[in-house]
Amino acid sequence: MPANCPDNTPILARYRNTCVIGAGVIGASWAALFLAHGLNVVINDPAPDIEGTVLGMLRKAAPALKALGLPHEGLEARLRFEPDLEKAVAGADLVQENGPERTEWKQQLWARIEKAVPAHALLLSSSSARPATLQGQAMQNASRLLVGHPFNPPHLIPLVEVVPGEKTDPQATADAVAFYTALGKVAPVLRKEIAGFVVNRLQRAIFREACYLVKEGVVTIDELDDCVTNSVGLRWAVNGPFSSFYMGGGPTGFHGYFKQFGPGMKISWANHSPIEYSDELAQLIIDQGAKAYADTPMEQMERLRDQTQVALLHAKAAVRNQAG
């Protein structure tokens, strides 16, 4: 959604000044998206060449931002770097944290931020593993803290899992959803905190079965990729699993689906593929990866991924507009 959309203005104006803590792959991508929507961004990251890293990310993200109809030139004009944490967050309306997945580190970080940030600031963590309740245990007031877990790269992939903690004010949750929605994101609110949240749990289950099929010599990793991208990958990008299986049940939907496939599901659910993680399994995947992907530079793979995802987003938008 373009940054100049009138519906975006109030909430983005309210959170005009943002601070991105940790500007690795995820943080720098968030910064690119924030800047493309006209927000001011302060980067706090101790890495010695953080400025070069972030500016490089802005250049890399520019084609995708342009294809999405967003500003993509001169974004660095609203960007600055501040190595001192307290100074970085002092004027922030919103903080997006992207630091290490270490509980004690995050707890100490938020306790420091709480003392320096304005009282109205929205405190968001990109964590994929540490719930807000755990992160905020050292804070005096964790009511504005919650998880906003993105998917890589955040400037392109729409989903952000919004996960409030036990002490999160419902208004803070509503503010986070409104903010992310104004950035063009899809921001479902998880009804409870659970390890891995939603999509990572799905990814882990699928990847486990994928590794089992490779380990058993059923397919190679590139063959499995072809199987997914030419079948359920296409289907789920449009409908998702539940909608797809509902249609698979025919005129009676899930009634027909479970009547036909329920007995087989009962057997398969009771008999999981027997596989455990091991160094040998990891090496098997590494070796096959070297053979399958080594001749394609990573930048070329990323460029193709981004171009395909942008095309898919445009296609989905076009279908929604026709349906509407």
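Structure: above.
Predicted model only: the values in this text are computed from it and were never measured.

Conventions we followed
Residues numbered from 1 in each chain as written. Predicted model: local features only at pLDDT ≥ 70, side-chain atom pairs only at ≥ 80, totals over all residues. Heavy atoms only, no water. Buried < 20%, exposed > 50% of the residue type's maximum accessible area, 1.4 Å probe, protein only. Helix = DSSP H or I, 4+ residues; strand = E, 2+ residues; numbered from the N terminus. Pairing = 2+ DSSP bridges. Right-handed = clockwise from strand over helix to strand, strands pointing away. Phe/Tyr/Trp six-rings, centres within 6.5 Å; stacked < 30°, edge-to-face > 60°. Core = buried A, V, L, I, M, F, W, Y, C linked by side-chain atoms within 4.5 Å. Contact = heavy atoms within 4.5 Å. Patch = residues over 30% accessible without salt bridge, like charges linked within 9 Å, V, L, I, M, F, W, Y side chains within 5 Å. Areas by Shrake-Rupley, 256 points an atom, 1.4 Å probe, with all protein chains shown as cover. Salt bridge = Lys/Arg side-chain N within 4 Å of Asp/Glu carboxyl O. Axes fitted to C-alpha atoms, helices over the stretch in contact; angles between N-to-C directions. Polar contact = N/O pair within 3.5 Å; in protein donor to acceptor, adjacent residues only side chain to side chain.

1. A few points about the pairing of strand E5 (residues 122-125)
Part 1 of the argument: Going residue by residue along E5, you find Leu 122 and Leu 124 tucked away on one face and Leu 123 and Ser 125 tucked away on the opposite face as well.
Part 2 of the argument: Sheet analysis places strand E4 (residues 94-97) next to E5, joined by 4 bridges and oriented parallel. What sits directly across from Glu 97, in E5, is Ser 125.
Part 3 of the argument: Remark: the E4/helix H5 (residues 103-116)/E5 crossover connection has right-handed handedness.
Part 4 of the argument: Pairing analysis gives 3 bridges linking E5 to strand E6 (residues 145-150), with the strands arranged parallel. The partner of Leu 124 across the bridge, within E6, is Leu 146.

2. Here's the deal with unusual backbone geometry
Part 1 of the argument: At the junction of Asn 152 and Pro 153, the peptide bond is cis and its omega measures out at 0° in the coordinates.
Part 2 of the argument: For Pro 153, the location among the structural elements is in the loop between E6 and strand E7 (160-164).

3. Some thoughts on the pairing of E6
Part 1 of the argument: In terms of burial, E6 is a largely internal element, 6 of the 6 residues being buried.
Part 2 of the argument: Across the two faces of E6 the burial is the same, with Leu 145, Val 147 and His 149 and Leu 146, Gly 148 and Pro 150 all buried.
Part 3 of the argument: When E6 meets E7, the two strands line up antiparallel, connected through 5 bridges. Among the inter-strand pairings, Leu 146 is bridged to a residue of E7, identified as Pro 164.

4. Points about the packing of aromatic side chains
Part 1 of the argument: For the coordinates displayed, the defined rule picks out 11 aromatic pairs.
Part 2 of the argument: Judged by centre distance (5.7 Å) and plane angle (70°), the ring pair of Phe 34 and Phe 179 falls under edge-to-face. Pair noted here: Phe 34 is in helix H2 (residues 25-36) and Phe 179 is in helix H7 (residues 170-182), with a separation of 145 residues, a long-range link.
Part 3 of the argument: Residue Phe 34 is classed as buried on the basis of its relative accessible area of 0%.
Part 4 of the argument: Take Phe 179: its relative accessible area is 0%, and that puts it in the buried class.
Part 5 of the argument: Centre to centre, the rings of Phe 254 and Phe 258 are 5.8 Å apart; their planes meet at 35°, and the pair counts as tilted. Taken together, the residues span about one helical turn, with Phe 254 and Phe 258 both in helix H12 (residues 254-270) at a distance of 4 residues.

5. Some remarks on the nonpolar core
Part 1 of the argument: If you look at the biggest cluster of nonpolar residues, it comprises 42 residues, and the most contacted ones within it are Phe 34, Val 41, Ile 43, Leu 122, Phe 179, Tyr 180 and Leu 183.
Part 2 of the argument: Sort the elements by how many residues they give to this core and H2 lands first, with 8 residues.
Part 3 of the argument: Excluding its chain neighbours within four sequence positions, the residues that come into contact with Val 41 are Thr 18, Val 20, Ala 31, Phe 34, Leu 35, Arg 78, Leu 79 and Arg 80.
Part 4 of the argument: Grouped together as the second largest cluster of nonpolar side chains are 22 residues, Cys 19, Ile 21, Trp 110 and Phe 197 included.

6. Describing a nonpolar patch on the surface
Part 1 of the argument: Side chains of Val 198, Leu 202, Ile 206, Trp 236 and Phe 245 sit close together on the surface and give an oily, nonpolar patch of about 430 Å² of accessible area.
Part 2 of the argument: Turning to its location among the elements, Leu 202 is positioned in helix H8 (residues 199-215).
Part 3 of the argument: On the basis of relative accessible area, Leu 202 is assigned to the exposed category, the value being 51%.

7. Regarding the side chain of Asp 306
Part 1 of the argument: Note on placement: Asp 306 falls in helix H14 (residues 298-323).
Part 2 of the argument: Given the relative accessible area of 12%, Asp 306 is considered buried.
Part 3 of the argument: Once residues within four sequence positions are removed from consideration, Asp 306 is found in contact with Pro 153 and Leu 156.

8. Topic: the sheet that holds strand E2 (residues 40-44)
Part 1 of the argument: Spatially, 7 strands are ordered E3-E2-E1-E4-E5-E6-E7 in an open sheet, and the strand pairing comes out mixed. The sheet is open, and its two borders are formed by strand E3 (79-81) and E7, each paired with just one other strand. Along the sheet, successive strands turn relative to each other by an average axial angle of 25°, direction set aside.
Part 2 of the argument: The strands touched by H5 within the sheet are strand E1 (17-21), E4, E5 and E6, with E4 carrying the most contacts at an inclination of about 165°.

9. Thoughts on the side chain of Ser 127
Part 1 of the argument: Secondary-structure assignment places Ser 127 in the loop between E5 and helix H6 (132-135).
Part 2 of the argument: A distance of 2.8 Å separates a polar atom in the side chain of Ser 127 from a polar atom in the side chain of Glu 101.
Part 3 of the argument: For Ser 127, the residues in contact, after removing those within four places along its chain, are Glu 101, Lys 106, Gln 135, Val 147, His 149 and Phe 197.

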